[in-house]
Amino acid sequence: MKRREFIKYGAYGVTVVAFGSMVTIPQFIKVGAARLPNGGTLKLSMKEVLFEMVDKRPVYHWAFADAMHGPRIPGVMLMAREGEMINIALTNEMDEAHAFAIPGVVDSGPLAAGESRTLTFAAPRGGTYLYFDPLNAPVNRVMGLYGAMIVLPAAGNTPYSDPTPLVQGLFDALGDQGTMPEFFPGDAWDPARNWVWLFAAVDHKKNEMVRNLPAGQAIDPEVFLDGYLPQYFLLTGKSGFFSSHDPEIFPHGNIGQPAIIRTLNAGLATHSPHIHGTHLAQIAVDGVVAENPFSLDTWSLPPLGRVDLFHPFVAPLDAFPWPPSNILEFPMPFTMHCHTEMSQTAAGGNYPQGAVTDWEIRSPQVGGPEASEEEFPSFRGMDPAMFKRTSTAGRGSAGHVAKESGHGSH
Ligand SMILES: [Cu+2]
């Protein structure tokens, strides 16, 4: 007997469920954000779905489906404040065993076909977590059962419960009250300014092989991995045009609105993301806060890897003069692509329809409020000086200082 032939299409892109009232949902999540009251329970089931690739090819997947948003890839983003209780009512709607785990935090253990179980756990220390189905590894995860969890610390001005001295110093340096306004003009980090780049890869032939197995029979991981050759590369569930133009995926803001980019890899390819136009500080790797948050523009993201990056949203380091005299330059996008070159493509070479996106300077204004998309036209033909915040010194000097110390942008 084959698996069910009538399968719903799953959706993709960012949806968020926040646990309790203490955590800030990013403002740029325009739809698909929900808040559970304290003690509320998220209903999460595992389902079969068809998931449309960027070239419209429907590919068989497994997905976490929450009661509010349906089956999604990635699964709904979980957000919580450290210590908040998280209740998840799991149901396995498929015909083989499945599970939900966050390594080091919680593991449901196997749920048989049709079984339900409720997990209760306290949100762990502040940081970025990957949840996934760890059974029959890596098959169940790679088939689509994965998602991200962001935990904000119980206290402090960084993303972490126990920041290292230099990471604490970095966040203390931000904002009008910060120690280095020449480097970091504008605002302190706003905990709503988080973006998630969750990489994944898809070999549609392997997924089809799984679909065609008899009901209840798990594929041998060795068979799944033998000749595994992904044709599709997802960034938070989207790719190509769609990941590049989704403001829930591309970080955006004014100069002086620092952001955190939380990068995770649920797939089997090692990724090597490269961001243009700026340098990022690598502030945590695999949950360990960096002793030395050095800056870089390319980083390694192996399977199951988690790397948090601090995006300063300063003027591009090699921009001179700044701001540019032509206000039509705004909004000003810069590329992020992955240097594992095949992951920039789809369906065996369709470039650039893979795991690519942008980041975007909305306006030359220093600090918030962020210029909205509706406001873009209002900048046209206006004097950039009008957007200069008089209380903050040295906007142009950040680029000048960086040049003297020999940093290029890429
Ligand atoms: Cu590059």
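To be clear, the structure that these remarks concern was listed above.
One structure accompanies this document, and this report is about it.

**What about the coordination of the copper ion?**
Next up, step 1: Protein-derived coordination of the copper ion comes from H274 (ND1), H337 (NE2) and H339 (NE2), at a distance range of 1.9 to 2.0 Å.
Next up, step 2: Of the residues examined, H274 reaches a relative accessible area of 7% and is grouped as buried.

**What to know about the pairing of strand β13 (residues 146–152)**
Next up, step 1: Of all seven residues that make up β13, seven are buried, and the element is covered over most of its length.
Next up, step 2: As paired strands, strand β7 (residues 75–81) and β13 are joined by five bridges and run parallel to one another. Bridging across to β13, R81 finds its partner in L152.
Next up, step 3: Of the pairings in the sheet, the one linking strand β12 (residues 127–132) to β13 comprises six bridges and is antiparallel in character. Bridge assignment links Y131 to a residue of β13, and that residue is G147.

**Examining the sheet that holds strand β4 (residues 41–52)**
Next up, step 1: One open sheet holds the six strands; their spatial order is β1-β6-β5-β4-β8-β11, and the pairing between them is mixed. Both edges of this open sheet fall to β1 (11–12) and β11 (116–122), since each of them pairs with a single strand only.
Next up, step 2: Of the pairings in the sheet, the one linking strand β5 (residues 58–66) to strand β6 (residues 70–73) comprises three bridges and is antiparallel in character. What sits directly across from F64, in β6, is R72.

**Examining the pairing of strand β8 (residues 85–92)**
Next up, step 1: Counting buried positions along β8 yields six of eight residues, so the element is predominantly enclosed.
Next up, step 2: Relative to β8, β4 runs parallel, the two being bridged by six bridges. Bridging across to β8, L44 finds its partner in L90.

**Focus: the nonpolar core**
Next up, step 1: Core analysis: the largest hydrophobic core is formed by 113 residues, its most contacted members being L78, F100, F171, W197, I283 and F310.
Next up, step 2: The greatest single-element share of this core, amounting to eight residues, is contributed by strand β14 (residues 194–202).

**Description of the side chain of R141**
Next up, step 1: Note on placement: R141 falls in helix α1 (residues 139–142).
Next up, step 2: Comment: no salt bridge for buried R141; closest opposite-charge side chain is D133, at 9.7 Å.
Next up, step 3: At 2.7 Å, the side chain of R141 and the backbone oxygen of A266 are in polar contact.
Next up, step 4: Those residues in contact with R141 that sit more than four places away from it in its chain are F132, D133, Y146, A266, G267, L268, P303 and L304.

**A short note on the packing of aromatic side chains**
Next up, step 1: Inspection of every chain in the model, using the stated rule, returns 13 aromatic pairs.
Next up, step 2: Relative to F242, the ring of F241 has its centre 5.4 Å away and its plane inclined at 80 degrees; by these criteria the two rings are edge-to-face.
Next up, step 3: One residue, R141, lies across the ring of F132, its end atom 6.0 Å from the ring centre.
Next up, step 4: When the ring centre of F313 is taken as reference, the NZ or CZ atom of R193 above it lies at 5.1 Å.

Criteria and cut-off values
Residues numbered from 1 in each chain as written. Predicted model: local features only at pLDDT ≥ 70, side-chain atom pairs only at ≥ 80, totals over all residues. Heavy atoms only, no water. Donors = N, O, S within 2.8 Å, 3.2 Å for Na, K, Ca; no water. Buried < 20%, exposed > 50% of the residue type's maximum accessible area, 1.4 Å probe, protein only. Helix = DSSP H or I, 4+ residues; strand = E, 2+ residues; numbered from the N terminus. Pairing = 2+ DSSP bridges. Core = buried A, V, L, I, M, F, W, Y, C linked by side-chain atoms within 4.5 Å. Lys, Arg positive; Asp, Glu negative; His and termini not counted. Salt bridge = Lys/Arg side-chain N within 4 Å of Asp/Glu carboxyl O. Polar contact = N/O pair within 3.5 Å; in protein donor to acceptor, adjacent residues only side chain to side chain. Contact = heavy atoms within 4.5 Å. Phe/Tyr/Trp six-rings, centres within 6.5 Å; stacked < 30°, edge-to-face > 60°. Lys NZ or Arg CZ within 6 Å of the ring centre and 35° of its normal.

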